Amino acid sequence: MRILMLGGTGFVGRAVVEDALSRGHHVTVFTRGRSGAALFPQVPRLVGDRDTDDYSALATGSWDAVVDSSAYVPRHVNKAMDALGERVGRYVFVSSHAVYERSDAGPGSTEDTPRRPPVRDTEELFEETYGPLKVACEDDVQARFGEHASIVRLGKVAGPHDPQNGLTYYVRRATGGGRLALPGRPEQPVQVVDSRDAARLMVRLIEDDRGGAFNAVGPGTPVTLAEVIQICARAAGTEVEIVPVPEQNAQGTFFPLIRDEDEWDRMRRDPARAVAAGMPQTPFETTVADVLAWDRERGLPPLKFGFTEEEEAKALAEYEAEAEAGSAESK
């Protein structure tokens, strides 16, 4: 099949291109041409810019399906659909779990969970607009393509080449072993989907000509934050002792995967529809091992969040001092 990838040199898009090529499909990539030039030398590249509405490279050609992994505002999808016209069969839109109403995301919530109201009066992306802008994108794709629209709602994605380095922080920290300060609760549920599983789902939807919305979440066996860290340690061949420290001991630093308790139910969404449509569920141990290998191969570049070694030592010392003071007062 002929597949057009709108954005394909980053993370999820890269996994989609790799999966499609491995299945014998013919892929064309539409990007700005600013990165990943050495990737997929056998794949035709069309250069354009969605921020400036430059879709001239799409003026000719036809495809059985398009996978849109780089649209964040309605203008992006509408300009792309206008440029493609009737020359594409299926539109696979990469959306987000941020589309769902937060108050209705109970444990086991499905794709039928009410979505947030769409937003169309801004293109500024932040916490309150990201999900509603994706809702507007979904609505426009479905209005134009109907049963030929496939919506893949990604949860937290992890795997090799992850630019956000969310899981990577814990994988790398676990390699050091020892006492690990965690400004969160070990029993917190975590949902992380392997980027390659999400990609396999998208290509499978194209192959099966299947429409609808799908929650792309994982892993297949539910895990807690503590289990994530212990799995990371086993992959690295180390042992860690998790020390839950108060949030104020985190020095105001962002820590990936950690959520407030009122958000925990959003980490328990139901992936049954996506699994039934062909999404694999790679064992979490495999995802962790592959992230560890990739991180080492790229030379362990600095991460922009989490504790430094000095900050972690300070957080542990402060926690121990507070614990000792509390113990003394109780006597």
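The structure this text deals with has already been given above.
Worth saying up front: this structure is predicted, and the values here are computed from it rather than measured. (Residues numbered from 1 in each chain as written. Predicted model: local features only at pLDDT ≥ 70, side-chain atom pairs only at ≥ 80, totals over all residues. Heavy atoms only, no water.)

Tell me about the overall build of the chain, and name the residues and values.
Helix and strand counts for the chain stand at 9 helices and 13 strands. Projected onto its principal axes, the C-alpha positions of the chain cover 75 × 40 × 35 Å. Burial analysis of the chain (331 residues in total) assigns 50% to the buried set. The long-range share in the chain, meaning contacts at least 24 apart out of those at least 6 apart in sequence, stands at 78%. A total of about 14,900 Å² of accessible surface is found on the chain, and carbon and sulfur atoms cover 50% of it. Averaged over its 38 positive side-chain charges, the chain has a centre that lies 5 Å from the centre of its 53 negative ones. (Helix = DSSP H or I, 4+ residues; strand = E, 2+ residues; numbered from the N terminus. Buried < 20%, exposed > 50% of the residue type's maximum accessible area, 1.4 Å probe, protein only. Contact = heavy atoms within 4.5 Å. Areas by Shrake-Rupley, 256 points an atom, 1.4 Å probe, with all protein chains shown as cover. Lys, Arg positive; Asp, Glu negative; His and termini not counted. Charge placed at Lys NZ, Arg CZ, Asp CG, Glu CD.)

Explain empty space enclosed by the protein to me, using residue names and the numbers behind them.
The full count for this structure, using the stated rule, is 1 cavity of 30 Å³ or more. Of the pockets and cavities examined, the largest cavity occupies roughly 60 Å³. Lining the largest cavity are Val192, Val193, Asp194, Asp197, Val217, Gly218, Pro219, Pro280, Gln281, Thr282, Phe284 and Thr287. Of all the secondary-structure elements, those providing two or more residues to the lining of the largest cavity are strand 10 (192-194) and helix 8 (284-297). If one sorts the elements of the lining of the largest cavity by residue count, strand 10 sits on top with 3 residues. Here the residues of the lining of the largest cavity sort into 6 nonpolar, 4 polar and 2 charged. (1 Å grid on protein atoms, 1.4 Å probe; cavity = no way out; pocket = protein on both sides within 12 Å on 5 of 7 lines; lining within 4 Å. Points joined across faces, edges and corners; volume = space filled by probe spheres on them. Nonpolar A, V, L, I, M, F, W, Y, C, P; charged D, E, K, R; others polar.)

Describe unusual backbone geometry, and please don't skip the residues or the numbers.
In the segment running from Gly218 into Pro219, the intervening peptide bond is cis, with an omega of -5°. Counting through the fold element by element, Pro219 comes out in the loop between strand 11 (212-216) and strand 12 (223-224). For Asp53, which is not glycine, the phi torsion reads 60° and is therefore positive. Looking at the secondary structure, you find Asp53 in the loop between strand 3 (45-47) and strand 4 (63-68). A residue is classified by how much of its surface remains accessible, and Asp53, at 32% relative accessible area, is partly exposed. If you check the backbone angles, Leu257 has positive phi at about 75° while not being a glycine. Tracing the chain through its elements places Leu257 in the loop between strand 13 (240-244) and helix 7 (272-276). Residue classification places Leu257 among the buried positions, given a relative accessible area of 7%.

Tell me about the nonpolar core, and please be specific about residues and values.
Counting residues in hydrophobic clusters, the biggest one holds 37 residues, and the most contacted among them are Leu167, Tyr170, Leu182, Val228 and Cys232. Of all elements in the fold, only helix 4 (166-175), strand 8 (178-182), helix 6 (225-236), strand 13, helix 8 and helix 9 (309-330) reach the threshold of two or more residues within this core. Of the residues forming this core, the biggest block, 8 residues, is contributed by helix 6. Setting aside residues up to four positions removed in sequence, Leu167 forms contacts with Ala158, Asp162, Val228, Cys232, Phe284, Thr287, Val288 and Val291. (Core = buried A, V, L, I, M, F, W, Y, C linked by side-chain atoms within 4.5 Å.)

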